[in-house]
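The chain contents come next:
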Amino acid sequence: MTVKLMTATGLSAAGLILSVALACAAGQYGPGASDTEIKIGNTVPYSGPASSYGVNGKVDAAYFAMINEQGGINGRKINFISRDDSYSPPKTVELVRQMVEQDQVLLIFHSLGTPPNMAIHGYLNDNKVPQLFIATGADQWNDPKHFPWTMMWLPSYGAEAHIYAHYILKNLPNAKIGVLYQNDDYGKDYLNGLRDGLGDKAGKMIVATQSYETSDPTVDSQIVALQGSGADVLLTAAIPKFAAQAIRKVYDIGWKPVHFLNTVGNSVGTVMKPAGLEKGADIISTAFAKDPTDPQWQSTSEYKDWVAFMNKAGLSANTTDIQTVFAYSAAQTMVAVLKACGDNLTRENVMRQAASLHALQLPMLLPGITLSTGPDDFSPIKQMQLEKFNGTIWKLFGEVMSGT
Amino acid sequence: MIVRKDFAYVFPEKLAVGSVGFASAVRRWIGPLVLIVIAAALPFAISNYHVFELTLVMIYAIAVLGLNILTGYNGQISLGHGGFFAAGAYTAAILLHRYGVPYWATVPPAALICFALGVLFGLPALRFEGPYLALVTLAMAVATPQLLKYFDNWTGGQQGINLPKVQPPPGLGIDRDRWLYLVVLVVLLVAMRVAANLLNGRTGRAFVAIRDHPIAAAAMGINTARYKTLAFGTSTMFTGIAGALSAIVISFVAPESFTLFLSLSFLVGSAVGGIATIGGAIVGGLFIVFVPNFANDISDAAPWAIYGLAMLLFMYVMPRGVVGSLGPWLARLTPKNQLTAPKSDDEHRGRLL
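Conventions and cut-offs
Residues numbered from 1 in each chain as written. Chains lettered and ligands numbered in written order. Predicted model: local features only at pLDDT ≥ 70, side-chain atom pairs only at ≥ 80, totals over all residues. Helix = DSSP H or I, 4+ residues; strand = E, 2+ residues; numbered from the N terminus. Buried ≥ 20, exposed ≤ 12 C-beta atoms within 10 Å, placed from the backbone. Contact = placed C-beta atoms within 7 Å. Core = buried A, V, L, I, M, F, W, Y, C linked by C-beta atoms within 7 Å. Domains from an automatic or database assignment. Nonpolar A, V, L, I, M, F, W, Y, C, P; charged D, E, K, R; others polar. Expected span 1.5 Å × (residues − 1). Axes fitted to C-alpha atoms, helices over the stretch in contact; angles between N-to-C directions. Parallel < 35°, antiparallel > 145°, perpendicular 65-115°, else oblique. Left-handed = near helix turned anticlockwise from the far one by under 90°. Pairing = 2+ DSSP bridges.

Asker: Could you give an account of the overall build of chain B, naming the residues involved and the relevant values?
Answerer: Looking only at helices and strands, one finds 16 helices and 2 strands in chain B. Out of the 353 residues in chain B, the part that is buried amounts to 48%. Within chain B, residue pairs in contact and separated by at least 24 positions form 76% of the contacts whose partners lie at least 6 positions apart.

Asker: Tell me about the nonpolar core, and please be specific about residues and values.
Answerer: Residue and element names in this part refer to chain B. Ranked by size, the top nonpolar core spans 216 residues in total, and within it Ile62 and Ile241 carry the most contacts. The biggest single contributor to this core is helix α4 (residues 48-73), with 17 residues. Discounting chain neighbours no more than four positions away, the residues touching Ile241 are Ile62, Gly88, Val107, Ala110, Ala111, Val187 and Ala191.

Asker: Describe the interface of chain A and chain B, listing the residues and the values that go with them.
Answerer: With 24 residues of chain A at the interface, the matching set in chain B holds 28 residues. Of the residues forming the side of chain A that touches chain B, the biggest block, 8 residues, is contributed by helix α3 (residues 89-102) of chain A.

Asker: Let's hear about the domain arrangement of chain B: which residues, and what values?
Answerer: One frequently used descriptor of interface size is the decrease in accessible area upon assembly of the parts. Residues and elements named next belong to chain B. By the assigned domains, chain B splits into domain 1 (1-45) and domain 2 (46-333). The C-alpha centroid of domain 2 is placed 26 Å from the C-alpha centroid of domain 1. Counting from both sides, the interface comprises 7 residues of domain 1 and, opposite them, 7 residues of domain 2. Of the residues in the side of domain 1 that touches domain 2, the class split is 7 nonpolar, no polar and no charged.

Asker: Describe helix α6 (residues 107-125) of chain B, naming the residues involved and giving the relevant values.
Answerer: Residue and element names in this part refer to chain B. For α6, with 19 residues, the first-to-last C-alpha span of 26 Å sits near the 27 Å given by 1.5 Å per residue. Restricting attention to buried positions, one finds in α6 the residues Val107, Ala110, Ala111, Ile113, Cys114, Phe115, Leu117, Gly118, Phe121, Gly122 and Ala125. Packed against the buried residues of α6 are α5 (81-99), α7 (130-150) and α12 (224-250).

Asker: Which residues make up the packing of α5 of chain B against α12 of chain B, and what are the values?
Answerer: All names here are of chain B. Contact geometry for α5 and α12: axes closest at 6 Å, N-to-C directions at 50 degrees. It follows from the interaxial angle that α5 and α12 lie oblique. In this structure, α5 meets α12 at a crossing whose hand is right-handed. Contact residues: His81, Phe84, Phe85, Ala86, Ala87, Gly88, Ala89, Thr91, Ala92 and Ala93 in α5; Thr236, Thr239, Gly240, Ile241, Ala242, Gly243, Ala244, Ser246, Ala247 and Ile248 in α12. Of the residues in the contact of α5 with α12, the class split is 12 nonpolar, 8 polar and no charged.

Asker: I'd love a proper account of unusual backbone geometry, names of residues and values included.
Answerer: Residue and element names in this part refer to chain A. Positive phi, normally seen in glycine, also occurs at Tyr87, with a value near 65 degrees. Within the secondary structure layout, Tyr87 lies in the loop between β3 (77-84) and α3. Tyr87 sits in the buried class, given 26 other C-beta atoms within 10 Å. Phi at Asp282 takes a positive value of approximately 75 degrees, unusual for a residue other than glycine. Counting through the fold element by element, Asp282 comes out in the loop between α10 (268-275) and β11 (284-287).

Asker: Which residues make up the sheet that holds strand β2 (residues 37-44) of chain A, and what are the values?
Answerer: Residues and elements named next belong to chain A. Taken together, 5 strands build an open sheet; the order of strands is β3-β2-β4-β5-β6 and the sheet is parallel. In the strand order of this sheet, the two ends are held by β3 and β6 (150-152), each with one partner. Each strand of the sheet is rotated relative to its neighbour by a mean of 20 degrees, with strand direction disregarded. Pairing of strand β5 (residues 131-134) with β6, which is carried by 2 bridges, proceeds in the parallel orientation. Paired with Gln131 across the two strands is Thr150, which belongs to β6. Where helix α2 (residues 55-69) meets the sheet, it contacts β2 and β3, and its direction lies at approximately 165 degrees from that of β3.

Asker: Let's hear about the pairing of strand β16 (residues 394-402) of chain A: which residues, and what values?
Answerer: All names here are of chain A. Summarising the sheet, strand β15 (residues 383-389) and β16 pair through 6 bridges and their orientation is antiparallel. Paired with Lys388 across the two strands is Lys395, which belongs to β16. Once β15 ends, the chain turns through 4 residues before running back antiparallel as β16, passing Gly391 with a positive phi of about 100 degrees.

Listed below in C-alpha cells is the structure:
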C-alpha cells in the first residue's frame, strides 16, 4: 500500500516535472499564439471605391489556407481574420482595435492603403503590436527608430528613384534632368529620392521640375515647360492618367528625352495602351516581381505553381493582375518570418525575426531579387531591375540594382 | 379634455410645474437621471474596445441628431451631411495640428464654422425642394473628398493629418478611452437638451409647420426663409460638432473618411432611429456602428446585402423608425415621456403656434 502510494507519488511528481519541462519546450507565446494556432489580423477594402484591391486579402487568405492544409507552421494553424474597412480610416481603426483587443491577434499583416495604415500606425506602435508588410509604398513607413513595430513590404518610391539616379550617373553622366511629379507626398518621394540618389550632382543635373495636381485636366503645359528647359532626360512620377498624358505629349511635340517612368504608372493596360503603344517605345521603368502576363515566365515551374494555387483558390479571373503576385509573395514572407520564430511566438520575437531577414528568395520575384532587413532597415525589398518598353511589352535589361 | 391633452403635448414643462409641482418634477427627472448615471458608469464595466465603440456610437448619434433637426423636423432632405461632418473634423484637426489648440477648445470653433457653412448652404437651398435639394446636397457629398485633396496645403491632401493623442487629465486615474467617452457623453447630453429646448419651443413648432405645409406656415406669419436657413445652420452645427469629436477620438483625418457613404449612413441612421425624434439619434448611431460589423460576421461575401436586408426589416416593422414607432407606445406607459416630437397628424395641424 505504502509502496504503491510512494510509487504513485513519485510517478506523478515525475510527470509534473516532465510536463513543466515540456511546457517550457513548447515555447513562449504572445497574445494570439498557442500550441495549435497563430491569429493574424488584416484589413482590406472588399467593398467601396477601392474594392479592386480586395483581391489582396483573398490571396492572403487562400495562401494561409493552403499552408494550413499542408500542416501549418511548426504544427500551428494560421487563423487569418480579414475584415472589410472599405478604405475608410475610422473603420480601419475600429476593426484593428477589435482584432487587437477582442480577437487578440498576434499581429496585423498586409493591411492595405496609405490612409488606413496611417490611422492605425500610432495605435499599433503604442501598444507594441507588429504591423507587418503593409501594402503601401510611401517612404515614411521605413522608420524603425520612431515606429519600431511597423514594417513595409513593397519597394519604396524613394528606392525606385535611387535606381534611376544610379543608372543616370553611370550611363548619362552629362544628363540634364527634368522631373514631372504629382504635388503630394507620393510625387515628392520620387523627387527627393532622385535628388538623394544623385548626391552632390543633383543641383547641377536637375535642370527643371514641374508638378501637377490630381485635379488638373492635363499636364501638357508642364511637359512643354520641361522641354523648354533644355532637359534631355525626363523622370515622370505620375499616376496612370497623367503618365499616359505625359507620354503622348512628349511624343506629339517631337521631344526625344531618355524617359524614365515610375512603376505606379507603367501598366501596359492602363497607361501604355491609352497613350498609344508606339509612343511609349524605349521608355525605361523598373520591376521587382514576375509579371504574370509576360510570356518569358509562363513556362517556369514557379509560374505554374502560382497559377495552380490561383486556380485552386478560385481566383483564376485575377491571374493577369500583378497585385495577386505581390500578395502571394507577401504571404510567403509572413510564413517565412513565422517559421523563423520557432516556438517563441511573442510579438517581440516576431519583430526581431522580421527584422533579420537575410537574402530571402521568393519564387515570384525576379531572379536575383531577395529580401533583407535589419534593425535599422525596415524596407525588405530594395532591389529592382530596369526594363524597357519595346512597343508591346516591358523587356528587362541590365542587372538587378539596389536602391539604397 | 382633448385640448388639455394637446396642451400637455406641446408644453409639457408648463403643465408639469404648474399643475403638480415638485414631486412630479422629481418623478419626471428620475428616469433620465438614472439613464445618465448608467451611461456614465457603463465604461467602467466594459473593455476598452467596447468603450471606444460606444464613443463612436455617441458621435454618430450627435451627427444624426443634426440631420433629424433638418430632415425630420424641417422636412429638408440632405444627402450631404458627411461634408459638414468633414468640415468639423478638419477644423478640429487643423487647429490641433497647426496651432496647437487644446482638443476641447477645437469643438466650439468647429461648431461655429459649421453653423456658418450651413447657413450659407441653406440660402441657395431655399430655392430647392424635396428631391432637388437632395441632389444639390448629394453633389456636395460627392465633392467633399476631392475638395479635401485639392486644398492639400491645409488638409494634408491624400495623406491626411495625424493628430496628437488626447491625454486624460492627470490625477483622475482614468485612461484615454474612458475619458473621451465621458467627454463625448457630456456633449451628447448637452446637444440633446439643446435640441429638445429648441424643438419643443416656438422655433421647433415653426420648423414643423414649414415641413407640414409651407404655404399655411407663411400665411400664419412664419418667416419661412429665415427658419429654413436656421434649421440648416443648427443641423450642420450639430453634425460639425460630431465631426470635430470624431477627429479627436480617431486622432486621424483623411479624405477617405468622408465619402458619400458617410452621408448616406447618416440618413439611414436617422430613418432607422426615427427621423423626427431626438432619442432616435442614439438608435441611429447604434445602427451605423454595429450593423455593418454584424453583417460582416454573418457573410463575408455579401455584407452589404445583409445590411440592406436589416434596413428593409427595420423600415417594414417600424416605418417611423425605432423611437418614432415605439415612442408613442412608451409614452402611453409613462405619460410624461418627452422622447417624441409633435406629430404631424391632422389633429395637431394648425394648432402648433
